[in-house]
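Descriptive structure summary
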Amino acid sequence: MADQITDEQMFSGSEILLKSLIAEGVDTIFGYPGGQIMPTYDKLYDYQKELRHILVRHEQGAIHAAQGYARAKGIPGVVTVTSGPGATNVITGVADAMIDSTPVVVIAGQVATHLLGTDAFQETDVIGLTTPITKWSYQIRRVEDIQWAVARAFYIASTGRPGPVVLDFTATAQKGKAAFNYEKCNFIRSYHPYPEIEEKAVRKAAKMINEAKKPFLVFGQGIILSGAEKELQALVEKGEIPCASTLLGLSALPDGFPLYKGMVGMHGNIAPNVMTQECDLLIAVGMRFDDRVTGNTATYAIQARKIHIDIDESEFNKVIPVDLGVLGDAKAVLPMITELIEKKPREDWGLTSTICDAVEKHRVIDPEIHPESGEIHMGEVVDTLAEVSGKNALIVTDVGQNQMLGARYSRFNQTRSMITSGGLGTMGFGLPAAIGAKVGRPDRQVCCLVGDGGIQMVIQELGTIMQERTGVKIVLLNNNWLGNVRMWQELFYDQRYSSTRMINPDYSQIASAYGIRYRMVDKREELREAVEEMLSDDMPYILETHVLEEGMVFPMIPPGKNVNEIMLNNDDWFDYGE
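So, a few notes on the structure that sits alongside this text.

Considering the sheet that holds strand 7 (residues 164-170)
The strands making up a sheet associate through hydrogen bonds between their backbones, and the pairing can be parallel or antiparallel. Strand order in this open sheet of 6 strands is 3-2-4-5-7-6, and the pairing throughout is parallel. Looking along the sheet, the strands with just one partner apiece sit at the ends: strand 3 (52-55) and strand 6 (136-140). On average, each strand axis in the sheet is tilted by 20 degrees relative to the strand beside it, whichever way the strands run. Note that strand 2 (residues 28-31) and strand 3 share 4 bridges and pair parallel. Among the inter-strand pairings, T28 is bridged to a residue of strand 3, identified as R52. Packed onto the sheet, helix 1 (residues 13-23) meets strand 2, strand 4 (77-81), strand 5 (104-110) and strand 7 and runs at close to 160 degrees relative to strand 7.

Following this line, the structure appears as structure tokens:
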């Protein structure tokens, strides 16, 4: 006869949840309490030594902080919120995590099971709302299902192509009682996160590389997610293949790596965009051919054969038709190809970028980061930060001009050093994501680049910094405009500046109210010393820099143009061969 379970061996659903999180290695939760998650918060009181709870000031702050934590640390971030508005407030971040392949587990309170479907107070259809923007959404109605659901959630969120999972946690399940006997999940019959690699496809890819005279490799965040940085480096070094990064692939290769040509796309470097249109073989690894990368898809690299290496088969031929899709994890696929390719010099091809680099340096970079006079430029602030930090800072950006110039002028010595909202482009992402990144990596200097528009979307999260003493360095690039929208209005809407001028608060008083050190710089000669002061210790800091109000971000590939049709400034276009 089986042993009877005693009352002492029974736990509430809320406690089972917390014990399950601990079993998964979770040590930090970002959240906000409320009515339908209160049983769980009550039990959390007893687990404060095992689980650190970061009380944010808005649920959107919780999900973005969890994203920053996940991206910085490489493990799922965890969020707990209440039902109704608590759950709906995280949806933007869930969508952001889905498109950027960020592993997060959201646990949202829900009304009791007998109230489901009655429009009870703070009831929303969380599953219906989140199913299209998650890897998996599940409603926990019974206490007996909690451990199964949590184990499955972490397995799905963190394996294969990572992404968000939402658990809708009813009050009934939270208050019920059951035994605790946690088992991690490592297999789901209908889910195959790591597909078997076809050796035939690998051999064909190697053959195509060996036959190519001018191969070019573009990599995305898939390299970072799979931990394939060394494998990427080995491949391009053996084949002497020039390479470039998407926005989310930044920092996978260290600054100064000789075969790295920069970032592709709308505000990318000239050389890799030109090389995209000149190569005879385009190798895409862990990237999804986003429209900001491809420009006009009808003309994108049409002269080249194409190989696409990705863990997600649905990405093959979704945007750009390819000659060969190699399905598999980059960390496993790349060494197999490297073993089969020939080592050959590509001097003529490697020299292609020298003309492009010279044009970009003298007509774009130098005027941006070394202006002779006038107001401070955003680019020179980013460049100064990179120099003073020794290229070792973990950069988190918001969205807009601060993001694009942060991508262009930040420099990195180690991977997982650039965190930004890519696919969804979420303003308000930067500040809470930087908090999460610093919580996850307290050993690193975390610097948040943010505009005056983005910071005001989530300015309440300064309260989180105040309470937790999170040592985030906030570089506020203040131009008194919604800068990126203003730039597009100047270039494409006849300078009709509709609803983009901003009247801003006194940020010194805001910083003072939150007890955060603050300095404002509007003189170029003070900039470096101010950055040095900001980085001198690990305390939170706001450095407000008054930058050129009419600042632009160049180079730029205008919408609908080919990726080698590049604006150098308002009136000047790149002409290859100049």
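Alright, that's what it looks like, and here's the rest.
Some details on the packing of aromatic side chains
Scanning the entire structure with this criterion turns up 10 aromatic pairs. Taking the centre distance of 5.7 Å and the plane angle of 90 degrees together, the rings of Y155 and Y191 count as edge-to-face. Taken together, the residues Y155 in helix 7 (residues 146-158) and Y191 in the loop between strand 8 (177-179) and helix 9 (199-211) connect sequence positions 36 residues apart. With respect to burial, Y155 and Y191 carry one shared label: buried. With a centroid separation of 5.4 Å and an interplanar angle of 65 degrees, the aromatic rings of W481 and Y497 are classed as edge-to-face.

Observations concerning the nonpolar core
In terms of nonpolar packing, the biggest core is built from 68 residues, with L282 and L385 touching the most fellow members. Mapping this core onto the domain boundaries places at least three of its residues in each of domain 2 (199-352) and domain 3 (375-546). Those residues in contact with L385 that sit more than four places away from it in its chain are I395, C447, L449, V475, V531, M534 and L535. Ranked by size, the runner-up nonpolar core spans 48 residues in total, among them I54, I133, I455 and I459.

Quick notes on the packing of helix 1 against helix 7
One can describe the packing of helix 1 onto helix 7 by two numbers: an axis separation of 9 Å at closest approach and a directional angle of 30 degrees. Taken together, helix 1 and helix 7 sit at an angle that is classed as roughly parallel. Read as a crossing pair, helix 1 and helix 7 show a hand that is right-handed. Contacts from G13, I16, L17, S20 and L21 of helix 1 reach helix 7 at I146, Q147, V150 and F154. Classifying every residue of the contact of helix 1 with helix 7 by side-chain character gives 6 nonpolar, 3 polar and no charged.

As for the packing of helix 3 (residues 59-73) against helix 5 (residues 91-99)
Packing of helix 3 against helix 5 leaves a shortest axis separation of 8 Å and a crossing angle of 20 degrees. By the angle between their axes, helix 3 is roughly parallel relative to helix 5. Contacts between helix 3 and helix 5 involve Q60, I63, H64 and Q67 from the former and T92, G93, V94, D96 and A97 from the latter. Residues of the contact of helix 3 with helix 5, tallied by class, amount to 3 nonpolar, 5 polar and 1 charged.

Topic: empty space enclosed by the protein
For the structure shown, the criterion picks out 4 cavities of 30 Å³ or more. Taken together, R71, Q221, I224, L248, L250, R416, S417, M418 and I419 make up the lining of the largest cavity. A per-class count over the lining of the largest cavity returns 5 nonpolar, 2 polar and 2 charged. Split by domain, the lining of the largest cavity shows at least three residues from each of two domains, domain 2 (199-352) and domain 3 (375-546). There is about 40 Å³ of room inside the second largest cavity. Along its surface, the second largest cavity is lined by V382, L385, A386, S389, K391, N392, A393, I395, S410, R411 and F412. Here the lining of the second largest cavity takes 3 residues from helix 17 (residues 378-388), the largest share from any one element.

Thoughts on the environment of K207
Following the sequence through the fold, K207 ends up in helix 9. According to the relative accessible area criterion, K207 is partly exposed, its value standing at 49%. On a C-alpha basis, the gap between K207 and R141 in space is 54 Å, while along the polypeptide they are 66 residues apart. There is a polar contact of 2.4 Å between the side chain of K207 and the side chain of E211.

Considerations on the side chain of N504
You can see N504 is positioned in the loop between helix 22 (483-492) and helix 23 (507-513). Classification of N504 by relative accessible area gives buried; the value is 18%. In this structure the side chain of N504 is engaged in a polar contact, spanning 2.9 Å, whose partner is the side chain of D452. Here Y507 takes part through its side chain, which lies 3.5 Å from a polar atom of the side chain of N504.

Criteria and cut-off values
- Residues numbered from 1 in each chain as written.
- Predicted model: local features only at pLDDT ≥ 70, side-chain atom pairs only at ≥ 80, totals over all residues.
- Heavy atoms only, no water.
- Pairing = 2+ DSSP bridges.
- Helix = DSSP H or I, 4+ residues; strand = E, 2+ residues; numbered from the N terminus.
- Axes fitted to C-alpha atoms, helices over the stretch in contact; angles between N-to-C directions.
- Contact = heavy atoms within 4.5 Å.
- Phe/Tyr/Trp six-rings, centres within 6.5 Å; stacked < 30°, edge-to-face > 60°.
- Buried < 20%, exposed > 50% of the residue type's maximum accessible area, 1.4 Å probe, protein only.
- Core = buried A, V, L, I, M, F, W, Y, C linked by side-chain atoms within 4.5 Å.
- Domains from an automatic or database assignment.
- Parallel < 35°, antiparallel > 145°, perpendicular 65-115°, else oblique.
- Left-handed = near helix turned anticlockwise from the far one by under 90°.
- Nonpolar A, V, L, I, M, F, W, Y, C, P; charged D, E, K, R; others polar.
- 1 Å grid on protein atoms, 1.4 Å probe; cavity = no way out; pocket = protein on both sides within 12 Å on 5 of 7 lines; lining within 4 Å.
- Points joined across faces, edges and corners; volume = space filled by probe spheres on them.
- Polar contact = N/O pair within 3.5 Å; in protein donor to acceptor, adjacent residues only side chain to side chain.

Everything listed here is a matter of geometry and, on its own, says nothing about what the molecule does.
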